[in-house]
Amino acid sequence: MPNIMPISDLRNYSDVLHSVTPDSPVFLTKNGRGRYAILDIDEYEKLMSTVKLLSELAKGRKSANEQGSVPIDEAVLMLGITL
């Protein structure tokens, strides 16, 4: 269940921050609509790493579609990987 609080609860910010856990961000509402999210810093870093990884994978897929790809056995030889 999402942890949703009105932004006015920030008057008691320490209570709001105690509600933030690694797997449970706090969502703040303003005028009854979702406006902000408070995340644990470790969760934020994981999220940013995931976004970066997905961005790089999308670049690779785009490059493969535009320029073609290399068969796996050829890639292994090019990278010098021994199996």
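Anything mentioned here points back to the structure above.
Values in this document were obtained by computation on a predicted structure and should not be read as measured data. (Residues numbered from 1 in each chain as written. Predicted model: local features only at pLDDT ≥ 70, side-chain atom pairs only at ≥ 80, totals over all residues. Heavy atoms only, no water.)

Caption draft 1: Expanded view of the overall build of the protein. Check the secondary structure of the protein and you find 3 helices and 3 strands. Ordered by position from the N terminus, the helices and strands of the protein form the series β-α-β-β-α-α. Across its three principal axes, the protein shows a C-alpha extent of roughly 60 × 30 × 20 Å. The buried share of the protein, reckoned over its 83 residues, is 10%. In the protein, 12% of the contacts between residues at least 6 apart in sequence involve partners at least 24 apart. In the form shown here, the protein has an accessible surface area of approximately 7200 Å², with 57% of it arising from carbon and sulfur atoms. Taking the average place of the 9 positive charges on the side chains of the protein and the average place of its 11 negative ones, the gap between the two points comes to 12 Å. (Helix = DSSP H or I, 4+ residues; strand = E, 2+ residues; numbered from the N terminus. Buried < 20%, exposed > 50% of the residue type's maximum accessible area, 1.4 Å probe, protein only. Contact = heavy atoms within 4.5 Å. Areas by Shrake-Rupley, 256 points an atom, 1.4 Å probe, with all protein chains shown as cover. Lys, Arg positive; Asp, Glu negative; His and termini not counted. Charge placed at Lys NZ, Arg CZ, Asp CG, Glu CD.)

Caption draft 2: Summary view of the sheet that holds strand 2 (residues 26-30). Read across the open sheet, the 3 strands follow the order 1-2-3; overall the sheet is mixed. If you trace the sheet from one side to the other, it starts and ends with strand 1 (3-6) and strand 3 (33-38), each paired once. Shown here is a sheet whose adjacent strand axes are inclined to one another by a mean of 35 degrees, direction ignored. Pairing analysis gives 5 bridges linking strand 2 to strand 3, with the strands arranged antiparallel. Bridge pairing in strand 3 places threonine 29 opposite glycine 34. (Pairing = 2+ DSSP bridges. Axes fitted to C-alpha atoms, helices over the stretch in contact; angles between N-to-C directions.)

Caption draft 3: Just the nonpolar core, in detail. By size, the foremost hydrophobic cluster in this structure holds 6 residues: Met5, Val16, Val20, Val26, Leu28 and Ile38. Ignoring anything within four residues of it in the chain, the contact list for valine 20 reads Val26, Ile38, Leu39 and Asp40. (Core = buried A, V, L, I, M, F, W, Y, C linked by side-chain atoms within 4.5 Å.)

Caption draft 4: Geometry of helix 2 (residues 41-67). Taking 1.5 Å as the rise per residue, helix 2 with 27 residues should run 39 Å; its terminal C-alpha atoms sit 39 Å apart, in good agreement. Between the side-chain oxygen of the N-cap and the backbone nitrogen of aspartate 42 there are 3.0 Å, and the N-cap of helix 2 in question is aspartate 40. Directly beyond the C-terminal end of helix 2, a positive phi value near 90 degrees is found at glycine 68. (Expected span 1.5 Å × (residues − 1). Polar contact = N/O pair within 3.5 Å; in protein donor to acceptor, adjacent residues only side chain to side chain.)

Caption draft 5: Spatial organisation of the environment of arginine 35. In this fold, arginine 35 is placed in strand 3. Its relative accessible area of 52% is what places arginine 35 among the exposed residues. Residues arginine 35 and proline 6, spaced 29 residues apart in sequence, show a C-alpha to C-alpha distance of 9.5 Å. Leave out the neighbours within four places in its chain, and arginine 35 touches Leu28, Thr29 and Lys30.

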